[in-house]
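# Results of the structural survey
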Amino acid sequence: MAEYDLAIAGGGMVGASVALLCLRHNPHWRIALIDPRSGAPEQSRPSFDARSTALSAGSMDCLETLGLRAPLEAAAPITRVHVSDRGYLPGQVLSASDFGRAALGYVVRNDALGRALLGALDACAGIDVLQDSVALLRFGAEAAQLELASGELISARLVVVADGADSPLRERLGIGVEQSDYQQCAVIANIRSSLPHQQTAYERFTDTGPMALLPLADPHESALVWTLPPELAAGLCAGSPEAFLGHLQRRFGHRLGRLRAVSERHAYPLVRREAREQVRSRLVLVGNAAHSLHPVAGQGFNLSLRDAQILAKSLSGSVDPGCLSGLEAYCQQRRADQRLTSELTHRMVQLFTHKGWSAVTLRHLGLLSLELVPGASAAFGRQMMGVAEASYG
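What counts and how
Residue positions within a chain follow its written sequence, with the count starting from 1. Local features in a predicted model are, by the rule used here, given only for residues with pLDDT of at least 70; side-chain atom pairs are given and counted only at 80 or more, and totals for whole chains, interfaces and linings are based on all residues. Side-chain descriptors were evaluated using all non-hydrogen atoms of the structure, hydrogens and water having been removed beforehand. Helix and strand assignments follow DSSP, with helices taken as H or I runs no shorter than four residues and strands as E runs no shorter than two, numbered in order from the N terminus. Contact between two residues is taken to exist if any of their heavy atoms lie within 4.5 Å; hydrogens are not considered. Using a 1.4 Å probe, accessible areas were evaluated by the Shrake-Rupley method; residue-level cover was limited to the displayed protein chains. Put simply, buried Ala, Val, Leu, Ile, Met, Phe, Trp, Tyr and Cys residues joined by side-chain atoms within 4.5 Å make one nonpolar core. The buried label applies to any residue whose accessible area, calculated with a 1.4 Å probe on protein chains only, is under 20% of its type's maximum; exposed applies above 50%, and partly exposed to all values in between. DSSP-based pairing: two strands are paired if at least 2 bridges between them are found. In this analysis an axis means a line fitted to C-alpha atoms, helices contributing only their contacting stretch, and an angle means the value between N-to-C directions, from 0 to 180 degrees. For this analysis, a polar contact is any N or O atom pair within 3.5 Å, provided that within protein one partner can donate a hydrogen and the other can accept it, and provided that sequence-adjacent residues contribute only side-chain to side-chain pairs. When the near helix sits turned anticlockwise from the far one by under a right angle, the crossing is termed left-handed; a clockwise turn instead gives a right-handed crossing. Three classes are used: nonpolar for Ala, Val, Leu, Ile, Met, Phe, Trp, Tyr, Cys and Pro, charged for Asp, Glu, Lys and Arg, and polar for all others, with Gly counted as polar. When an angle is under 35 degrees it counts as roughly parallel; over 145 it counts as roughly antiparallel; between 65 and 115 it counts as roughly perpendicular; any other value is oblique. Only one rule defines a salt bridge in this text: a Lys or Arg side-chain nitrogen within 4 Å of an Asp or Glu carboxyl oxygen. Predictor confidence is given residue by residue as pLDDT, running from a minimum of 0 to a maximum of 100. By arc we mean the arc of the directions from the helix axis to the C-beta atoms, nothing more. Only Phe, Tyr and Trp rings are paired, with Trp represented by its six-membered ring, and only when their centres lie within 6.5 Å; those with planes under 30 degrees apart are stacked, over 60 edge-to-face, the remainder tilted. Our definition puts a charge over a ring when NZ of Lys or CZ of Arg is within 6 Å of the ring centre and also within 35 degrees of the ring normal.

Within the protein, the regular secondary structure consists of ten helices and 20 strands. Taking as baseline every contact in the protein between residues at least 6 positions apart, the subset at least 24 positions apart corresponds to 73%. Counting only carbon and sulfur atoms, one obtains 52% of the accessible surface of the protein, whose full area is about 16,500 Å².

Right, dumping it as structure tokens:
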């Protein structure tokens, strides 16, 4: 039986990041990264497809420490974020220069990020990437035993579950979830505009749901994340590109000029989930297996990467990485950031999709407070940039 210090179930962006961060803090460890799709080309894997991810400034700093900066040089910087409510106030602008940074965040295609992560994994002698899945888990006093679908048996002092929002392992372990179905779908596509985006990300709240347009490397191309009722999302995805662009133009306006072209469109149902347990003896849940958020503020991967950073640091030099007291201390350390980010995202969705006048008034006051209340814009910006984690020690 092969013996490992750490076994990770799930080789997507979060699982790969956990492996690299833990090896960086514990270079003598043996780590197994288990994923049934590990041998497939990255573009055919759901985590590494043609969609884009908004990386906060803090996330980019983290990836740079792993040596991934060079492959991510094509990432598009976000130097401004424009937040607006369709039909009301002109909006609020957050600028990177206000925070003394070159960018508030970056936008990178998932396939490019996947290539960078997989290349880093291949270069690490301490990480074994196993094209397999976990069929059975048994927990002992000193290690967990994993039976893989191939029949192979391995042991690990700590098991990390990173197999996604619908985590089969989480369900098999009897870990329940608290969830809220938003009754919305996220429509994902790339949009080509007549005017350049000038590294500006747009968060716009409309009568049919919030949308984000994120700048890509091409100055006339932006990544769209648009939350819509399921029936409307299905109709717009199935309809003609011209009908889709016309509907989008009416909701977004003309800040980017004429919206000229749209890529292939996909719709994903949106559900907020939070595992009732994130740690047990010799077990940690991370990524969407631990918590999945509404994409309105682009915080899901960034929050998970902060979790991965703190987990790796907390395990550094640990005599027993699977010790429950140490894992509970990690969980306690992450609780404030997780709750704040989750609640901020959830409340934004509730506030900006409610059509009552009380909600309209409240959200306008919220936008105004970013401009008028000293420190409000800075606090909001630091949370969104992922550089406020020092506050959660």
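Read on for the rest.
On to the nonpolar core. Within soluble globular proteins, side chains that are nonpolar tend to cluster in buried spots. Ile8, Ile31, Val160, Val284 and Val286 are the most contacted members of the largest nonpolar core, which totals 50 residues. Of all the elements, helix H1 (residues 13-25) adds the most residues to this core, at nine residues.

Quick look at the sheet that holds strand E7 (residues 105-109) now. If you walk across this open sheet you meet the three strands as E3-E7-E4, and the pairing is antiparallel. Edge positions in the sheet fall to strand E3 (52-56) and strand E4 (76-78), since each has one partner strand and no second. Shown here is a sheet whose adjacent strand axes are inclined to one another by a mean of 30°, direction ignored. Where E4 meets E7, three bridges bridge the pair, whose relative direction is antiparallel. The residue bridging Pro77 from the neighbouring strand is Tyr106, located in E7.

Before going further, it helps to spend a moment on the side chain of Arg282. Within the secondary structure, Arg282 sits in the loop between strand E18 (279-280) and strand E19 (283-285). On the basis of relative accessibility, which here comes to 3%, the residue Arg282 falls in the buried class. At 2.9 Å, the side chain of Arg282 forms a polar contact with the backbone oxygen of Ala141. Polar side-chain contacts of Arg282 include one of 2.8 Å to the backbone oxygen of Arg157.

Time to look at the environment of Lys313. Position of Lys313 relative to the elements: it lies in helix H7 (residues 300-315). Residues Lys313 and His25, 288 residues apart in the sequence, show an inter-C-alpha distance of 6.5 Å.

Relative to each other, H1 and helix H3 (residues 110-122) sit at 30°, their axes nearing to 10 Å. The hand of the H1/H3 crossing is left-handed. Mapping the contact onto sequence places Met13, Ala16, Ser17, Ala19 and Leu20 in H1 and Asn110, Leu113, Leu117, Ala120 and Leu121 in H3. By residue class, the composition of the contact of H1 with H3 is eight nonpolar, two polar and no charged.

On to the pairing of strand E11 (residues 153-161), then. With seven of its nine residues buried, E11 lies for the most part within the structure. Summarising the sheet, strand E1 (residues 2-9) and E11 pair through seven bridges and their orientation is parallel. When the sheet's bridge partners are listed, Ala2 is paired in E11 with Ile154. By the bridge criterion, four bridges tie strand E10 (residues 144-148) to E11 in an arrangement that is antiparallel. If you follow Leu146 over to E11, its bridge partner there is Ile154. Once E10 ends, the chain turns through four residues before running back antiparallel as E11, passing Gly151 with a positive phi of about 100°. Of the pairings in the sheet, the one linking E11 to E19 comprises three bridges and is parallel in character.

Attention now goes to the packing of helix H2 (residues 57-65) against H7. H7 packs onto H2 with a crossing angle of 45° between their chain directions and a minimal axis gap of 9 Å. Classed by the angle they form, the pair H2 and H7 counts as oblique. Where H2 crosses over H7, the two elements pack in a sense that is left-handed. Contact residues: Ser59, Cys62 and Leu63 in H2; Asn302, Leu305 and Gln309 in H7.

A few words now on the pattern of salt bridges. Under the counting rule described, the total for this entry stands at 13 salt bridges. Among the salt bridges present, the one from Arg101 reaches Asp61, with a minimum N-O distance of 3.0 Å. Here Arg101 is found in the loop between strand E6 (92-95) and E7, whereas its partner Asp61 is found in helix H2, with 40 residues between them in sequence. On the accessibility criterion, Arg101 (28% relative accessible area) is partly exposed. A salt bridge links Asp166 to Arg273, with the nearest nitrogen and oxygen atoms 3.2 Å apart. With a gap of 107 residues between them, Asp166 in the loop between E11 and helix H4 (168-172) and Arg273 in strand E17 (residues 266-275) connect regions that are remote in the sequence.

What follows is about the confidence of the model for the protein. Residues of the protein with pLDDT of at least 70 account for 83%, and the chain-wide mean is 85. Segment residues 357-377 is flagged for pLDDT under 50; beyond a separation of four residues in sequence, or across chains, it makes 28 contacts in the model. A low-confidence stretch, residues 387-393 (pLDDT under 50), is modelled with 14 contacts involving residues beyond four sequence positions or located in other chains.

Moving on, we get to helix H5 (residues 230-238). Every buried residue of H5 is accounted for by Ala233, Leu236 and Cys237. Along the axis of H5, the buried residues cluster in a sector spanning 100°; they form a single face. Set apart from the buried face of H5 by more than 90 degrees, the exposed residues are Glu231 and Ala238. The elements touched by buried residues of H5 are strand E12 (177-193), strand E15 (221-228), helix H6 (241-252) and E17.

Once that is clear, we can look at the packing of aromatic side chains. As enumerated under the stated definition, the model contains two aromatic pairs in all. Where Tyr202 meets Phe252, the ring centres are 5.3 Å apart and the plane angle is 85°; that geometry is what we call edge-to-face. Highlighted residues: Tyr202 in strand E13 (residues 200-206) and Phe252 in helix H6, separated in sequence by 50 residues. Taken individually, Tyr202 and Phe252 each receive the classification buried, so the pair is uniform in this respect. The cationic tip of Arg30 hangs over the ring face of Tyr4; the distance from NZ or CZ to the ring centre is 4.5 Å. Over the face of the ring belonging to Tyr268 we find Arg51, whose NZ or CZ atom lies 4.7 Å from the ring centre.

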